[in-house]
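Residue-level structural notes
The residues making up each chain are set out below.
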Amino acid sequence: IKNCFQRYHINHSSAKLIAFQQLTDKRYKQRKVQMKLHHEADVRIVVDRTEVIRTCINPVFSKLFTVDFYFEEVQRLRFEVHDISSNHNGLKEADFLGGMECTLGQIVSQRKLSKSLLKHGNTAGKSSITVIAEELSGNDDYVELSFSARKLDDKDFFSKSDPFLEIFRVNDDATQQLVHRTEVVMNNLNPAWKTFKVSVNSLCSGDQDRRLKCIVWDWDSNGKHDFIGEFSSTFKEMRGAMEGRQVQWECINPKYKAKKKNYKNSGIVILNQCKIHKMHSFLDYIMGGCQIQFTVAIDFTASNGDPRNSCSLHYIHPYQPNEYLKALVAVGEICQDYDSDKMFPAFGFGARIPPEYKVSHDFAINFNEDNPECAGIQGVVEAYQSCLPKLQLYGPTNIAPIIQKVAKSASEETNTKEASQYFILLILTDGVITDMADTREAIVHASHLPMSVIIVGVGNADFSDMQMLDGDDGILRSPKGEPVLRDIVQFVPFRNFKHASPAALAKSVLAEVPNQVVDYYNGKGIKPKCMSEYESSRTLAP
């Protein structure tokens, strides 16, 4: 993360920026930090500090803060700016100029986040801080290579050589890693091997100048292949075979070269094609302006119990949120960072609604069918609590209508041919659905759209039949036998996380979303928006 700090009317000599990250003890264990914690409370660790910029009231820090990004987690960050006296570089005697708190999700979704610096007591002065995010890793591009050779040495007595080519990546420790082995072309001194694909990371670890060792062998059925020759190259050199050009290397046998005075080579190896296929990452799309459109659907069937009864799954306890609220807030708190307007549609199903009290499976919980959006996750919570006394919990548990409703919006988005909006539907339900056939049909249709479905089972019902929707145990199919194009459903029972933190639930249900987003847009050949400026800042180095 690049950090730019701007402040005004401060007559101190120098400034220094430090960043903190709030982590639970579980994250400490993951990062192998040697510290023992005895509770689940959030703690602060210093991530890094910038250099000191002296005698400047508008410093631009060159120090980069490198932070691992996890979409499925709320990663809280705090930036602090301190004034360092001219004769001391420590923080003990430094003046605190202000701090700013945000989440990493807010930074990457906006790419450039500017906020006021708050002093002690959360009072805002005239100073501000700007944080700019760039993705340093995530290069999943792959390259398509097509090799041939001519006039290779003949190693066989009764026939011609049976050549194949091996490409090795030379690692930093001088070890060699096999990247690709071509097929064998039988009885041919001028072979043309099949075009193959390999990821850029596998080929050169993202380093275009990394040495690649290429060896040509004559295949033997006993496994004792005869060495024909070798040559070295780099991915940078191989890129010369783009746009119809060719790159050639002499295939050299070092023993022949040392012994034979007139030795030239053991053949010529030709790279006829080098084609790079861009594989955009999740952050490419988010930083390119793709918005996550978060929608929630809540089960109001009678099996939840009377909300006025403390045993009901919808009971509103004055101090303890119920399972519906816990799941809603845990998932919504993360998704809201990727939606600029923070307006979230919220629906209910399985209840009789006023004024006619007819059963509905896709009603707005704010009872405004023209505008079902709520302001922020807190707005969804308030609409949920407000609508409960006005509903008659009923049934059955049908979720196909709400999937179809969100799919309609996602379908309209496909007309733009841009990566503008990706839809996430969170369904909270207390039991096995009763319209399984229609739901399977709706999910198969939705798998062709920019959309993911998260289902959280609330309560102690038997959810075993719901696992089939997840697709982890096999490919989900419609009643007519049509398979899903992509795996877009994640189902988890809330009881598995009853004694865990809300973050654990969110991590479980959202972990697959980044790949689902990338799979959809890459599968459609849709590039991120506004990529020219962003791509110029990305490097091949990890």
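Being a predicted model, the structure only gives us computed values, none of them experimental.

All right, on to the overall build of the protein then. Of the regular secondary structure elements, the protein holds 14 helices and 27 strands. Looking at the protein residue by residue over its 542 residues, the buried ones come to 49%. In the protein, the proportion of contacts linking residues at least 24 apart, taken out of those at least 6 apart, comes to 70%. In the form shown here, the protein has an accessible surface area of approximately 26500 Å², with 48% of it arising from carbon and sulfur atoms.

Attention now goes to the sheet that holds strand β20 (residues 351-353). Spatial strand order, β21-β20-β24: three strands in an open sheet with antiparallel pairing. Since the sheet does not close on itself, it has two edges, and those belong to β21 (358-360) and β24 (392-393), each with one partner. Relative to β24, β20 runs antiparallel, the two sharing two bridges. Note that in β24 the partner of R352 across the bridge is Q392.

With that settled, the discussion passes to the pattern of salt bridges. Two side chains of opposite charge can pair, provided their charged atoms sit close to one another. Scanning the model with the defined rule gives 14 salt bridges in all. In this structure, E230 and K213 form a salt bridge, with 3.7 Å as the shortest nitrogen-oxygen distance. With E230 in strand β15 (residues 226-234) and K213 in strand β14 (residues 211-218), this residue pair connects regions lying 17 residues apart in the sequence. The buried category is assigned to K213, whose relative accessible area is 17%. Among the ionic pairs, R245 bridges to E243, the shortest N-O distance being 3.8 Å. Counted as one network, the salt bridges with shared partners bring together R78, E80 and E101.

This brings us to the side chain of R486. Within the element layout of this structure, R486 appears in the loop between α11 (467-470) and β27 (489-493). One buried charged residue, R486, remains without a salt bridge, the closest side chain of opposite sign being D519 at 6.2 Å. A polar contact of 3.3 Å, which involves the side chain of R486, links it to the backbone oxygen of M451. Looking at R486, its side chain comes within polar contact range of the main-chain oxygen of Q516, at 3.0 Å. Apart from the residues lying within four places of it in its own chain, the contact partners of R486 are Y422, A446, S447, L449, M451, Q516, D519 and Y520.

We now examine the sheet that holds β14. With antiparallel pairing, four strands are arranged side by side in an open sheet as β12-β11-β14-β15. Whereas interior strands pair on both sides, the edge strands pair on one side only; in this sheet they are β12 (176-181) and β15. Shown here is a sheet whose adjacent strand axes are inclined to one another by a mean of 25°, direction ignored.

This part takes up unusual backbone geometry. Excluding glycine, most residues fall at negative phi; most peptide bonds, likewise, are trans. That bond from P354 to P355 is cis: its omega, 5°, falls within 30 degrees of zero. For the peptide bond that leads from G395 to P396, omega is 0°, which places it in the cis range. Residue placement: P396 occurs in the loop between β24 and α9 (400-414). Look at T55: it is not a glycine, yet its phi comes out positive at around 50°. Within the secondary structure layout, T55 lies in the loop between β4 (53-54) and β5 (60-64). Residue T55 is classed as exposed on the basis of its relative accessible area of 69%. With a phi angle near 60°, K417 is a residue other than glycine that sits in the positive phi range. Locating K417 in the fold gives a position in the loop between α9 and β25 (421-429).

To continue, consider the pairing of strand β9 (residues 124-132). Where strand β8 (residues 112-118) lies against β9, six bridges are found, and the strand directions are antiparallel. The residue bridging S116 from the neighbouring strand is S128, located in β9. Taken together, β8 and the strand that follows it, β9, pair antiparallel across an intervening segment of five residues, in which G121 is found at a positive phi of about 85°.

On to the nonpolar core. The biggest cluster of nonpolar side chains holds 73 residues, and the ones touching the most others in it are F300 and L510. Ranked by residues supplied to this core, first place goes to helix α7 (residues 323-335) with eight residues. Among the domains, domain 1 (14-136) and domain 3 (287-500) are the pair contributing at least three residues each to this core. With sequence-adjacent residues up to four places away left out, L510 is seen in contact with F71, E72, V331, I334, C335 and I454.

The next point concerns the confidence of the model for the protein. Scored by pLDDT, the protein comes out at a mean of 86, with 88% of its residues at no less than 70. Note on residues 24-41: pLDDT is under 50 here. Beyond four places in sequence and across chains, it has 25 contacts.

Throughout the structure, instances matching the rule amount to zero disulfides. A disulfide-free cysteine, C374 has its sulfur positioned 9.3 Å from the sulfur of C387, the nearest such atom.

Next up on the list: the packing of aromatic side chains. Enumeration according to the criterion identifies 15 aromatic pairs in this entry. Centroid distance F294 to F344: 5.9 Å. Interplanar angle 80°. Geometry classified as edge-to-face. Remark: F344 occurs in strand β19 (residues 343-349) and F294 occurs in strand β18 (residues 291-299); sequence separation between them is 50 residues. The pair F294 / F344 is uniform in exposure class, with both members buried. Of the aromatic side chains, those joined through ring pairs into one cluster are F69, F71, F282 and Y338. The ring of Y256 is capped by K260, whose NZ or CZ atom sits 4.2 Å from the centre of that ring. Lying across the ring of Y394, R352 places its NZ or CZ 3.9 Å from the centre.

Another point: the environment of V60. With respect to the helices and strands, V60 occurs in strand β5. For V60, a relative accessible area of 57% gives the class exposed. Between the alpha carbons of V60 and T130 there is a distance of 9.5 Å; along the sequence they are 70 residues apart.

With 13 residues, α7 extends 18 Å between its outermost C-alpha atoms, agreeing within 8% with the 18 Å of an ideal straight helix rising 1.5 Å per residue. α7 sits mainly inside the fold: ten of its 13 residues count as buried. For α7, the set of buried residues is E323, Y324, L325, A327, L328, A330, V331, G332, I334 and C335. Taken together, the buried residues of α7 touch β18, α8 (376-387), β25, β26 (451-457) and α12 (502-510).

The rules behind each value
Residues numbered from 1 in each chain as written. Predicted model: local features only at pLDDT ≥ 70, side-chain atom pairs only at ≥ 80, totals over all residues. Heavy atoms only, no water. Helix = DSSP H or I, 4+ residues; strand = E, 2+ residues; numbered from the N terminus. Buried < 20%, exposed > 50% of the residue type's maximum accessible area, 1.4 Å probe, protein only. Contact = heavy atoms within 4.5 Å. Areas by Shrake-Rupley, 256 points an atom, 1.4 Å probe, with all protein chains shown as cover. Pairing = 2+ DSSP bridges. Salt bridge = Lys/Arg side-chain N within 4 Å of Asp/Glu carboxyl O. Lys, Arg positive; Asp, Glu negative; His and termini not counted. Polar contact = N/O pair within 3.5 Å; in protein donor to acceptor, adjacent residues only side chain to side chain. Axes fitted to C-alpha atoms, helices over the stretch in contact; angles between N-to-C directions. Core = buried A, V, L, I, M, F, W, Y, C linked by side-chain atoms within 4.5 Å. Domains from an automatic or database assignment. pLDDT = per-residue confidence, 0-100. Disulfide = S-S within 2.5 Å. Phe/Tyr/Trp six-rings, centres within 6.5 Å; stacked < 30°, edge-to-face > 60°. Lys NZ or Arg CZ within 6 Å of the ring centre and 35° of its normal. Expected span 1.5 Å × (residues − 1).

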